[in-house]
Amino acid sequence: MALIRLLLILLLRYLVSVSGNADSAYHHHRHYSLLKDKAALLEFKGSIYDPKSTLSNWEDAVPVCNFTGVTCDMRYHRVSQINLHSFGLVGKISPFISNLTGLRVLNLFENHFFGTIPPQLSSLQHLRTLILDSNNLNGPIPNSFALLTNLTLFSVQNNSLTGPLPPSFFSNCSQLKNIDLSFNFFTGQIPAEIGNCANLWTLNLYNNQFTEQLPASLTNASLYNLDVEYNLLSGEVPSDLVRKLPKLLFLHLSYNKMTSHDNNTNLYPFFATLRNCTHLKELELAGMGLGGRLPSSIGHPTLQRLELQENRIFGSIPPEIGNLSSLSMLNLTSNLLNGTISEEIGRLSMLEQLVLSHNFFNITIPVELAKLFHLVLLDLSNNNFHGEIPCSLGDLPLLNSLFLNNNLLSGTIPPKLLKWTNMHRFDLSCNKLIGRIPPEISELREIRIFINFSHNLLEGPLPIEISNLDKVQEMDLSSNNLSGNIFPQISSCVSVEMINFSHNALAGRLPDSVGDLRNLKSFDVSSNNISGMIPKSLSKINLTFLNLSFNNFEGMIPSGGIFNSDTDMSFLGNPRLCGAASSTPICPRNKHWFRSRMFLIIFIIVIVVSVLSSTVCCVIGIRHVKLMVSSSKTEGSRKSVLN
């Protein structure tokens with residue numbers, strides 16, 4: 001019994017001894033790991049330029065876990081994260097980073113790192129997140145990155161990386177969920193090995209130079225987002241691929257070299273396959289010259305954004321458009337649409353932006369558009385829409401941008417259109433509108449960007465109500481038949497930067513108050529009947545463009561400001577103007593001098609002196625005659641007495 005007790009005591013002492021040695025070794029290892037990580041970070045700092053001194057506390061005396069942008073994992077006593085985003089750091093990415101073998105996150109977003117990506121980073125076996133966006137990196141993705149098997153996020157967008165994608169990078173990528181290689185110069189075919197990334201749900205490759213077709217192996221992924229816009233991808237729009245990606249939310253294929261089916265004539269098959277994507281929110285197929293009609297299969301109830309601009313789509317907008325019940329944005333600009341617009345478009349109750357510009361519609365504006373109460377932007381410009389503007393468009397409470405320019409619209413401007421309280425851009429130019437500008441224009445006082453009624457047949461006086469538009473930046477009423485004067489109250493348009501009233505029938509004098517428009521940069525009143533002197537106040541504002549040509553201005557052209565830099569082109573067709581910038585550089589001093597005030601004074605003095613002189617002469621003459629008569633009579637009397 002005593003022997004057993006002795007053995008237990010000896011065993012206990014041994015275990016305590018072993019435990020103490022292990023604990024000492026553990027603390028030594030922990031200390032050594034952090035020292036190693038600190039040394040690597042100090043080497044990294046020594047290789048770069050830190051203009052903002054954001055890494056000023058990266059010093060020997062500071063614990064590494066207190067370094068700016070550094071996070072430690074206290075369980076393993078290793079540096080686990082480096083977040084240096086937007087620090088403005090300059091230099092090459094030091095290979096010493098690869099000594100941080102416990103690193104899980106490396107974020108160098110938005111700095112000025114240049115050179116190639118160090119292949120030594122492949123030693124970071126525990127790395128999960130690698131973000132090198134918005135730097136000046138070049139060269140290829142290292143082949144050795146195939147060793148980063150725990151990577152879940154890889155983002156190198158907005159650099160100058162080149163070359164084809166190494167297939168080996170995708171050889172063991174089962175953990176990879178997000179890839180963003182956009183805004184680089186990658187070339188070649190997208191490797192079929194990308195299909196090994198079974199958990200991939202975001203693939204952003206836009207703005208590169210990838211060629212060939214999208215690999216069919218992408219169907220092995222779990223993609224929610226596929227964006228390959230602005231590349232050189234070819235082939236038919238990938239109906240088979242899309243059919244097998246039912247989880248897709250965002251599909252962006254714009255600005256590639258793809259075609260529609262049946263030799264670029266049939267869009268139906270592709271839109272039909274989208275029915276399998278039951279949660280699809282965005283579809284972008286712009287800028288590829290896709291041919292065909294808008295198919296009856298276009299109606300997708302979950303779609304929120306549909307961009308089909310800059311293609312070769314022709315015909316009508318079909319009734320099935322009304323099935324896009326969740327749509328907030330529809331862009332069909334720059335196509336060959338030339339038929340009708342189904343009244344079912346009025347069912348798009350969530351629509352905020354409708355862009356149908358640069359097509360060949362030759363119809364009246366559908367009144368059903370007035371049912372789109374969430375509409376913010378309506379662009380029907382550059383078509384052949386004719387007839388009157390529906391006054392019911394004035395019922396759209398949220399509309400802030402209306403473009404009806406470059407059509408064949410006629411009739412008057414409906415006053416109801418001028419009662420929007422949040423309008424920013426309003427363009428009715430290049431139509432055949434007649435009549436006066438309604439005084440209700442004063443209710444557009446919140447208009448902020450521009451108003452353009454130019455190149456119509458509008459007449460009547462320039463409405464004084466436009467002086468209420470104190471937030472508008474550009475105002476163009478040129479090429480109409482507007483008459484009357486430019487009123488002094490124009491100075492109330494304090495935000496205006498551009499005014500164009502040219503090619504009208506405006507008369508009277510240009511008010512001095514125009515010089516109070518301190519933000520005015522461009523002022524054009526050419527080809528009117530404006531007379532009088534050019535206001536000197538125009539020289540006090542920072543004009544960069546001035547055109548007063550073909551009016552009836554007279555007198556000396558002012559000096560200073562814009563007048564010191566303008567050429568005679570700004571004053572052509574004003575024969576009574578003179579000065580350095582005119583065709584008559586020297587103003588004649590004696591011409592028409594009789595109109596001056598001095599001449600009037602001299603003339604009056606001469607008349608007065610002449611009258612006085614004549615009066616004096618007459619008085620003297622009369623007295624002389626009287627004396628002669630009197631002397632004659634006296635002489636006669638004397639003769640009578642003598643006889």
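Residues numbered from 1 in each chain as written. Predicted model: local features only at pLDDT ≥ 70, side-chain atom pairs only at ≥ 80, totals over all residues. Heavy atoms only, no water.

Moving on, we get to unusual backbone geometry. Here His77, not a glycine, exhibits a phi torsion of approximately 55 degrees, which is positive. Secondary-structure assignment places His77 in the loop between strand E2 (70-73) and strand E3 (78-83). The backbone of Glu110 shows a phi angle near 55 degrees, a positive value even though the residue is not glycine. One can find Glu110 in the loop between strand E5 (105-107) and strand E6 (112-115). The exposure class of Glu110 is partly exposed, given its relative accessible area of 42%. (Helix = DSSP H or I, 4+ residues; strand = E, 2+ residues; numbered from the N terminus. Buried < 20%, exposed > 50% of the residue type's maximum accessible area, 1.4 Å probe, protein only.)

Another point: a nonpolar patch on the surface. Residues Phe550, Met569 and Leu572 make up a contiguous nonpolar surface patch of about 300 Å² in total accessible area. Within the secondary structure layout, Leu572 lies in the loop between strand E40 (552-556) and strand E41 (576-578). A relative accessible area of 31% means that Leu572 is categorised as partly exposed. (Patch = residues over 30% accessible without salt bridge, like charges linked within 9 Å, V, L, I, M, F, W, Y side chains within 5 Å. Areas by Shrake-Rupley, 256 points an atom, 1.4 Å probe, with all protein chains shown as cover. Salt bridge = Lys/Arg side-chain N within 4 Å of Asp/Glu carboxyl O.)

The next thing to look at is the sheet that holds strand E4 (residues 90-92). Pairing is mixed across the open sheet formed by 7 strands, whose spatial order is E1-E4-E6-E8-E10-E12-E14. For this open sheet the edge positions go to strand E1 (48-49) and strand E14 (209-211), each flanked by a neighbour on one side alone. Across 2 bridges, the pairing between E1 and E4 is antiparallel. Among the inter-strand pairings, Ile48 is bridged to a residue of E4, identified as Gly91. (Pairing = 2+ DSSP bridges.)

What follows covers the pairing of E3. As paired elements, E2 and E3 share 4 bridges and run antiparallel to each other. Its bridge partner being in E3, Cys72 is matched across the sheet by Val79. What sits between the antiparallel neighbours E2 and E3 is a turn of 4 residues, in which His77 has the positive phi angle 55 degrees. Bridge count for E3 against E5 is 3 bridges, and the pairing is parallel. Across the sheet, residue Asn83 finds its bridge partner in E5, namely Asn107.

Mapped onto the fold, Ile363 is located in the loop between strand E25 (353-355) and strand E26 (377-379). On the accessibility criterion, Ile363 (18% relative accessible area) is buried. Sequence separation of Ile363 and Asn384 is 21 residues, and the distance between their C-alpha atoms is 7.1 Å. Once residues lying within four places of it in the same chain are set aside, the contact partners of Ile363 are Gly339, Thr340, Ile341, Asn384, Phe385 and His386. (Contact = heavy atoms within 4.5 Å.)

Turning our eyes to something else, we now look at the state of the cysteines. Inspection of every chain in the model, using the stated rule, returns 2 disulfides. Across a sulfur-sulfur distance of 2.2 Å, Cys65 and Cys72 are joined as a disulfide pair. In this structure, the disulfide formed by Cys65 and Cys72 twists by about -100 degrees around the S-S bond and is classed as left-handed. Judged by its relative accessible area of 26%, Cys65 falls in the partly exposed class. (Disulfide = S-S within 2.5 Å.)

Enumeration over the complete set of coordinates arrives at 11 salt bridges. A salt bridge links Asp240 to Arg243; the nearest nitrogen and oxygen atoms lie 2.8 Å apart. Highlighted residues: Asp240 and Arg243, both in helix H2 (residues 239-243), separated by 3 residues, approximately one helical turn. Overall, Asp240 belongs to the exposed group, its relative accessible area being 53%. Relative accessible area serves as the criterion here: at 37%, Arg243 is assigned to the partly exposed category. Residue Glu284 is joined to Arg305 by a salt bridge in which the shortest nitrogen-to-oxygen separation is 3.6 Å. Here Glu284, found in strand E19 (residues 282-284), pairs with Arg305, found in strand E21 (residues 305-307); they are 21 residues apart in sequence, far enough to count as distant. You can call Glu284 buried: its relative accessible area is 9%.

In this section: the sheet that holds strand E31 (residues 432-435). Read across the open sheet, the 5 strands follow the order E27-E29-E31-E33-E35; overall the sheet is parallel. Edge positions in the open sheet fall to strand E27 (386-388) and strand E35 (481-483), since each of these has one partner strand only. Going from strand to strand, the sheet's axes swing by 20 degrees on average, the running direction of each strand aside. Sheet topology note: the E27/strand E29 (residues 408-411) ladder contains 3 bridges and is parallel. Note that in E29 the partner of Glu388 across the bridge is Ser410. (Axes fitted to C-alpha atoms, helices over the stretch in contact; angles between N-to-C directions.)

This part covers the nonpolar core. Counting 161 residues, the largest nonpolar core has Phe426, Phe453 and Phe501 as its most contacted members. By residue number, the principal contributor to this core is helix H1 (residues 2-46), which donates 4 residues. Residues within four places of Phe501 in sequence aside, it is in contact with Leu462, Ile466, Met475, Leu477, Ser478, Ile486, Ile490, Leu506, Asp524, Val525 and Asn528. (Core = buried A, V, L, I, M, F, W, Y, C linked by side-chain atoms within 4.5 Å.)

Okay, the confidence of the model for the protein chain next. In the predicted model, the protein chain carries a mean pLDDT of 89, and 85% of its residues have values of at least 70. Ignoring residues within four places in sequence, the model shows residues 1-29, a span with pLDDT below 50, making 2 contacts including any to other chains. The model gives residues 633-643 a pLDDT under 50, and that stretch makes 0 contacts with residues more than four places away or in other chains. (pLDDT = per-residue confidence, 0-100.)

Let's shift gears to the pairing of strand E10 (residues 160-163). With 2 bridges connecting them, strand E8 (residues 136-139) and E10 associate as parallel partners. Each residue of the ladder has a partner; that of Gly139, found in E10, is Leu161. The sheet contact formed by E10 and strand E12 (residues 185-189) spans 2 bridges and is parallel. If you follow Thr162 over to E12, its bridge partner there is Phe185.

Once that is clear, we can look at the side chain of Ser478. Here Ser478 is to be found in the loop between strand E34 (474-476) and E35. By relative accessible area, Ser478 is classed as buried at 3%. Those residues in contact with Ser478, other than ones at most four positions away along the chain, are Ser454, His455, Asn500, Phe501, Ser502, His503 and Asn504.

So, about the environment of Ser565. Note on placement: Ser565 falls in the loop between E40 and E41. The spatial distance from the C-alpha of Ser565 to the C-alpha of Thr544 is 9.0 Å, given a sequence separation of 21 residues.

Let us now look at the environment of Leu200. Counting through the fold element by element, Leu200 comes out in the loop between E12 and strand E13 (202-204). On the accessibility criterion, Leu200 (0% relative accessible area) is buried. With 20 residues separating them along the chain, Leu200 and Asn220 place their C-alpha atoms 9.0 Å apart. Residues in contact with Leu200, not counting those within four places in the same chain, are Leu176, Lys177, Asn178, Ile179, Ile194, Ala221, Ser222 and Leu223.

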